[in-house]
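# Secondary and tertiary structure notes
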Number of protein chains: 2
Amino acid sequence: MADDVHDQDAGMRVVHLLRAITVELDQLGARFAARHALHPTDVRALICLLDAARTGEPATPGTLGARLGLNSAGTTALVDRLEKLGHVRRERDSRDRRRVLLNVDESAVTLGWSFFGPLIHEVVAVMGRFDAADQATIERFLTDVHETVTQQRTCQE
Amino acid sequence: MADDVHDQDAGMRVVHLLRAITVELDQLGARFAARHALHPTDVRALICLLDAARTGEPATPGTLGARLGLNSAGTTALVDRLEKLGHVRRERDSRDRRRVLLNVDESAVTLGWSFFGPLIHEVVAVMGRFDAADQATIERFLTDVHETVTQQRTCQE
DNA sequence: GACAATATCTTGCTCATCGAGATTCTCGCT
DNA sequence: AGCGAGAATCTCGATGAGCAAGATATTGTC
């Protein structure tokens, strides 16, 4: 039973750590936003768009708005802002001409890297201080947590 | 060199996982907010207040606003909202009557647990599937990452 | 006791987001 | 073909969170 208590303590400590990391990353994102005349929503939008670009799936205002929990009006305003800043370009889909495809400009990529690059580098370095077996453990843990959180989000309708 | 590339790949995968987890947690927080007539900022405020209560340090509008990056006007409006909903009570400090202490109501605690409790339980369960050595590894990794992120945030002025 | 410093609140404004509806385009059906 | 249902996006007016600047109340210092 002592082990159970111990397990739960480690679990709670990890929960608090994950929450603390989330809060810190949020604030870092907010600072990045303020420094480049962006709103927090704009940063989240760019992250989503870059993710989509990385996985090769097409991005449209509809999918973006759904991902961010915005309605159509807010999504239009968001894309307007990003387009005005030159981070995104609208482009009519030639197949389905109702749709608008969103292309992320190179400037947004370099902008993101200039700000988050150092942090990413640091985290990779932290990871590098663990041996291969431990790295696999960490990756497995984070994958499980990600799955759990995603499930929690989607199952609550 | 193949090992280097391998290390870096694992590092980048972990970075993406951490970011994905952050995004999911944000959206979960937003859903929690929408479901209880709260704004995202209100949720972040409650988290800060509960953190402060847990560590025993006194919470005031000033410290809260600083933590959230709000100015005094926004902080006043925020505390007004939370007080109107009964989640927080203002109370003049009897020693320094300029100050206002913020007391989190029990209702806010139970509200938070009713929503995030299941997720926390799940994450603890995920953690429980690892043996003690791996748990220590995970905790050490998250601690290092947290430190890195905090450092990155504070050093950028 | 007058003055600077601190903590909080008030006022007037900007702008992101929402709800509702208009517009443009696609596709199945006859 | 061509008409109508439905889908993707945009426009308009309203709401409200947050900001800048200043007001108010309280404390410590000379």
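Residues numbered from 1 in each chain as written. Chains lettered and ligands numbered in written order. Predicted model: local features only at pLDDT ≥ 70, side-chain atom pairs only at ≥ 80, totals over all residues. Heavy atoms only, no water.

## Brief notes about the packing of aromatic side chains
All names here are of chain A. Rules: Aromatic pairing here means that ring centres of Phe, Tyr or Trp (its six-membered ring) are within 6.5 Å. Orientation follows from the plane angle: under 30 degrees is stacked, over 60 is edge-to-face, and everything else is tilted. Strands are runs of DSSP state E lasting at least two residues, helices are runs of H or I lasting at least four, and both sets are numbered from the N terminus onward. For each residue, the accessible area found with a 1.4 Å probe, counting protein chains only, is set against the maximum for its type, and the residue is called buried under 20%, exposed over 50%, and partly exposed in between.
In total, this model carries eight aromatic pairs over all chains according to the counting rule given. A centroid spacing of 4.7 Å and a plane angle of 50 degrees characterise the contact between Phe32 and Phe115, whose relative ring orientation is tilted. In this pair, Phe32 is assigned in helix α1 (residues 2-35) and Phe115 in helix α5 (residues 106-128), connecting sequence segments 83 residues apart. Assessed through its relative accessible area of 4%, Phe32 is described here as buried. Owing to a relative accessible area of 6%, Phe115 belongs among the buried residues under this scheme. Ring geometry for Phe115 against Phe116: centres 5.0 Å apart, planes inclined by 75 degrees, an arrangement best described as edge-to-face. Grouping aromatic residues by their ring pairs yields a cluster made of Phe32, Phe115 and Phe116.

## Observations concerning the protein's contact with DNA strand D
Here is the rule we go by: We call a residue near a molecule or strand as soon as one heavy atom of that residue lies within 4 Å of the molecule or strand. Distance and chemistry together define a polar contact, namely a pair of N or O atoms within 3.5 Å, with one atom able to donate a hydrogen and the other to accept it when in protein, and with adjacent residues in sequence counting only for side-chain atoms on both sides. Classification used: nonpolar for Ala, Val, Leu, Ile, Met, Phe, Trp, Tyr, Cys and Pro, charged for Asp, Glu, Lys and Arg, polar for all others including Gly.
Among the 22 residues in the neighbourhood of DNA strand D, the closest are listed as Ser72 and Arg90 of chain A together with His39, Thr41 and Arg98 of chain B. Take Arg98 of chain A: an N or O atom from its side chain is 3.4 Å from a sugar or linking oxygen of DNA strand D. Within the contact set of DNA strand D, a phosphate oxygen lies 2.4 Å away from a side-chain nitrogen or oxygen of Thr41 of chain B. Contributions of two or more residues to the surface near DNA strand D are made by α3 (61-68) and α4 (72-84) of chain A together with α4 (72-84) of chain B. Grouping the amino acids of the surface near DNA strand D by side-chain chemistry returns five nonpolar, nine polar and eight charged.

## Observations regarding the side chain of Asp134 of chain B
For clarity, the cut-off: His is not counted here, nor are the chain ends, while Lys and Arg score as positive and Asp and Glu score as negative. Salt bridges are defined by distance alone: a side-chain nitrogen of Lys or Arg within 4 Å of a carboxyl oxygen of Asp or Glu. Throughout, a contact is declared for two residues whenever any of their heavy atoms are within 4.5 Å.
By the secondary structure assignment, Asp134 of chain B is in helix α6 (residues 132-155). Arg140 of chain A provides the closest opposite charge to the buried, unpaired Asp134 of chain B, separated from it by 4.4 Å. Apart from residues lying up to four places away in sequence, Asp134 of chain B is in contact with Thr137 and Arg140 of chain A.

## Here's the deal with the protein's contact with DNA strand C
Contacts to DNA strand C come from 23 residues, most closely from His39 and Thr41 of chain A together with Gly62, Ser72 and Arg90 of chain B. Sugar plus phosphate, as a fraction of atoms of DNA strand C within 4 Å of the protein: 66%. At 2.5 Å from a phosphate oxygen of DNA strand C is found a side-chain nitrogen or oxygen belonging to Thr41 of chain A. Interatomic distance of 3.0 Å between a backbone N/O atom of Arg97 of chain A and a phosphate oxygen of DNA strand C. Broken down by element, the residue count for the surface near DNA strand C peaks at four residues, all from α4 of chain A.

## Quick word on the pattern of salt bridges
A pair can form between side chains of opposite charge whenever their charged atoms are brought close. Here the structure, examined in full by the defined rule, presents 22 salt bridges over all chains. Among the ionic pairs, Glu83 of chain B bridges to Arg90 of chain B, the shortest N-O distance being 2.7 Å. Among the ionic pairs, Asp93 of chain B bridges to Arg99 of chain B, the shortest N-O distance being 3.7 Å. Judged by its relative accessible area of 35%, Arg99 of chain B falls in the partly exposed class. Here the salt bridges do not stand alone but share partners, grouping Arg19 of chain A together with Asp51 and Arg54 of chain B into one network.

## Notes on the nonpolar core
Rule in force here: Only buried residues count toward a nonpolar core. Its members are Ala, Val, Leu, Ile, Met, Phe, Trp, Tyr and Cys residues joined through side-chain atoms within 4.5 Å.
Counting 81 residues, the largest nonpolar core has Leu64, Phe141 and Leu142 of chain A together with Leu64, Phe141 and Leu142 of chain B as the members making the most contacts within it. At ten residues, the largest contribution of residues to this core is made by α1 of chain A. Leave out the neighbours within four places in its chain, and Leu64 of chain A touches Ala45, Cys48, Leu49, Leu78, Val79 and Leu102 of chain A.

## Remarks on the domain arrangement of chain A
Residue and element names in this part refer to chain A. Our working definition: Boundaries of every domain are those given by an automatic assignment or by a domain database. Using a 1.4 Å probe, buried area is obtained as the accessible area two parts lose upon being combined, added over both of them.
With domains assigned, chain A is organised as domain 1 (1-35), domain 2 (38-104) and domain 3 (107-157). Once you take the C-alpha centre of each, domain 2 and domain 3 turn out to be 23 Å apart. Across the contact, five residues belong to domain 2 and four residues belong to domain 3. Looking only at domain 2, the three residues that lose the most surface to domain 3 are Leu50, His87 and Val104, adding up to 66% of its buried area. Scanning the region where domain 2 abuts domain 3 turns up two residue pairs in polar contact (both at pLDDT 80 or more).

## Side note on helix α5 (residues 106-128) of chain B
Residues and elements named next belong to chain B. Stated formally: Bending is quantified residue by residue as the angle between axes fitted to the seven-residue window ending at that residue and the seven-residue window starting at it.
At Phe116, α5 shows its maximal kink, close to 55 degrees; a proline, Pro118, follows between one and four residues later. Those residues of α5 that fall on the buried side of the exposure criterion are Ala108, Leu111, Gly112, Phe115, Gly117, Leu119, Ile120, Val123, Val124, Val126 and Met127. The N-terminus of α5 is capped by Asp105, whose side-chain oxygen sits 2.9 Å from the backbone nitrogen of Ser107.

## Thoughts on the relation of the copies chain B and chain A
Applied cut-off: For the least-squares superposition of copies, only C-alpha atoms count, and only for residues with pLDDT at least 70 in both.
The two copies are related by a screw operation: chain B maps onto chain A through 180 degrees of rotation and 0.2 Å of translation along the axis, at an RMSD of 0.3 Å. Given the turn and translation reported, the copies of this chain are related as if by a two-fold rotation axis. In this assembly, 100% of the residues forming the interface of chain B have copies in chain A that are likewise at the interface, indicating an isologous arrangement.

## As for the packing of helix α2 (residues 40-55) of chain A against α4 of chain A
All names here are of chain A. Put simply, the rule reads: Angular values range over 0 to 180 degrees, each being the angle between N-to-C directions of two axes fitted as lines to C-alpha atoms, with helices fitted over their stretch in contact. Roughly parallel refers to an angle under 35 degrees, roughly antiparallel to one over 145, roughly perpendicular to one between 65 and 115, and oblique to any angle outside these ranges.
In the contact formed by α2 and α4, the axes pass within 11 Å of each other and the chain directions differ by 80 degrees. Regarding the angle of α2 to α4, the classification is roughly perpendicular. Residues Thr41, Asp42, Ala45, Leu46 and Leu49 of α2 form the contact with α4, whose participating residues are Leu78, Arg81 and Leu82. Residues belonging to the contact of α2 with α4 are distributed by class as follows: five nonpolar, one polar and two charged.

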